[in-house]
Amino acid sequence: MLGPSFQMSFAAVIALVAAYEAARPRLAEWRQGAGWGGLLLLYLAGVLLTTAVASAATAPFALYHFQRLASYGLAANLAAVPLTAFWIMPWGLVAYLLMPFGLEGLALTPMGWGVAVLLWIARLAADMPGAALLVPAMPAWGLAVVAAGGLWLCLWQRRWRLLGVAAIAVGLTSIAAAPRPDILINHTGSLMAVRDADGGLAVSSNRRDRFVRDMWLRRDGQAVAAAWPREGASADGRLMCDPLGCLYRRDGHTVALVRDPRALAEDCAVADVVVASVPVPWFCPAGTVVDRFDVWRHGAHALTFTRRGVVVDSVGRSNGDRPWTLTR
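Here the structure is a predicted model, which means the values were calculated and not measured. (Residues numbered from 1 in each chain as written. Predicted model: local features only at pLDDT ≥ 70, side-chain atom pairs only at ≥ 80, totals over all residues. Heavy atoms only, no water.)

K.L.:
What am I meant to see in the packing of helix H3 (residues 73-98) against helix H4 (residues 105-127) here?
P.N.:
Packed helices, taken two at a time, are described by the angle their axes make and the gap between the axes. One can describe the packing of H3 onto H4 by two numbers: an axis separation of 8 Å at closest approach and a directional angle of 160°. Taken as axis vectors, H3 and H4 run roughly antiparallel relative to one another. Handedness of the crossing formed by H3 with H4: left-handed. Along the contact surface, H3 presents Ala76, Ala79, Ala80, Leu83, Thr84, Trp87, Ile88, Trp91, Gly92, Val94, Ala95 and Leu98, while H4 presents Leu106, Ala107, Leu108, Pro110, Met111, Trp113, Gly114, Val115, Val117, Leu118, Ile121 and Ala125. Of the residues in the contact of H3 with H4, the class split is 21 nonpolar, 3 polar and no charged. (Axes fitted to C-alpha atoms, helices over the stretch in contact; angles between N-to-C directions. Helix = DSSP H or I, 4+ residues; strand = E, 2+ residues; numbered from the N terminus. Parallel < 35°, antiparallel > 145°, perpendicular 65-115°, else oblique. Left-handed = near helix turned anticlockwise from the far one by under 90°. Contact = heavy atoms within 4.5 Å. Nonpolar A, V, L, I, M, F, W, Y, C, P; charged D, E, K, R; others polar.)

K.L.:
Explain the nonpolar core to me, please; I cannot follow it from the model alone.
P.N.:
A general trend in soluble globular proteins is that nonpolar side chains are found buried together. If you look at the biggest cluster of nonpolar residues, it comprises 19 residues, and the most contacted ones within it are Ile183, Trp228, Leu257 and Val275. Secondary-structure elements contributing two or more residues to this core are strand S3 (183-185), strand S4 (192-195), strand S8 (239-242), strand S9 (245-250), strand S10 (253-258), strand S11 (273-276) and strand S13 (301-306). Not counting residues up to four positions away in its chain, the partners in contact with Trp228 are Met192, Ala193, Val194, Ala202, Val203, Ser204, Leu239, Cys241, Cys246, Leu257 and Arg259. Listed in part, the 13 residues of the second largest apolar core include Leu264, Val278, Val280 and Ala286. (Core = buried A, V, L, I, M, F, W, Y, C linked by side-chain atoms within 4.5 Å. Buried < 20%, exposed > 50% of the residue type's maximum accessible area, 1.4 Å probe, protein only.)

K.L.:
Please explain the pairing of S9 as it appears in this structure.
P.N.:
Walk down a regular strand and you will see the side chains alternate between the two sheet faces. Among the 6 residues in S9, 5 count as buried, and that is most of the element. A loop of 2 residues connects S8 with S9, the two strands running antiparallel in sequence. Pairing geometry for S9 and S10, over 6 bridges, is antiparallel. Of the residues in S10, the one forming a bridge with Gly245 is Val258. Count of turn residues in the S9/S10 antiparallel hairpin: 2 residues, of which Asp251 carries a positive phi of about 50°. (Pairing = 2+ DSSP bridges.)

K.L.:
Please explain the sheet that holds S3 as it appears in this structure.
P.N.:
Two strands in a sheet stick together by hydrogen bonds in their backbones, pointing the same way (parallel) or opposite ways (antiparallel). Pairing is mixed across the open sheet formed by 6 strands, whose spatial order is S6-S5-S4-S3-S13-S14. In this open sheet, the two edge strands, each paired with only one partner strand, are strand S6 (226-227) and strand S14 (309-314). The pairing of S4 with strand S5 (residues 201-203) spans 3 bridges and is classified as antiparallel. Bridge pairing in S5 links Ala193 to Val203. Strands in contact with helix H7 (residues 210-220) are S3, S4 and S5; relative to S5, the strand with the most contacts, it is inclined by about 170°.

K.L.:
Help me understand the packing of helix H1 (residues 4-31) against helix H5 (residues 140-155) in this model?
P.N.:
Where H1 contacts H5, the two axes come as close as 9 Å, and the packing angle between them is 30°. With respect to their mutual orientation, H1 and H5 come out roughly parallel. The two elements H1 and H5 meet at a crossing, and its hand is left-handed. Residues Gln7, Ile14, Ala15 and Ala18 of H1 touch H5, and the partners they reach there are Leu143, Leu151, Cys154 and Leu155.

K.L.:
For this particular structure, what's the right way to read the side chain of Asp260?
P.N.:
Here Asp260 is to be found in the loop between S10 and helix H8 (264-270). With sequence-adjacent residues up to four places away left out, Asp260 is seen in contact with Leu244 and Val278.

Now the structure itself:
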């Protein structure tokens, strides 16, 4: 039940049942006396309605799990659904009927033509500009509120069912309200990221640990990230770098981002937060220290600046203290 496949499938099913239950009287009225042209228009309208309802129902779960929305689903399904219903699936049924006689190839060949066209439609929709809209990650409580509002909207039949729309809206606003870390460091300390003046992430390298970098950017709603300067200041002036590391200034905090042990003596003296890919000696006077041993023990770390100070979170803290949790 915690997986996206289960959640998206059942959200689409219950939303479609509720939508067609509400639309059934009007659809029956339109169907009476409709000619072939009217029935064709009703079928296309049904495809549009089905796609719109299913897309709306699965969108919050797509945002939560994948941080993206498909922009051209309605247009693509207008071509893909009739192609599947009237060409691909009938030929698939004929292929089953011909299999006992060894003649299934007669049906699989035209079925393959339809599948090729279906894949072409998918590639065309995926390659269009703005095909996927990236959105920052939704917190778990936001998804829970959206799911509760959706169930309220779908299960009731009185006018008070519309209160579910308000709950859905509140859950979706959690995307904007969710706190986003200001500094990230991966589980080996080889990759770091800081938040720039525009609210995006800038990474220490676009070459190292690309999988983790892409995960960070996706959860932040970004497609690409700028790399830290090797020497000098960043465009927004928050980062000042040299070959040994960088100094990052944010909300009155000075953060040393250390890559080389030779920078520790100077950086520990001027920074109130030290984030290092190397071990930091115990006598470093900085108020908050995350070094190579911390990420080795507790995994990747995230630092967030708040009014109360620096909040440090890690994978180890999220895992909790359980018999199967790895501790070092």
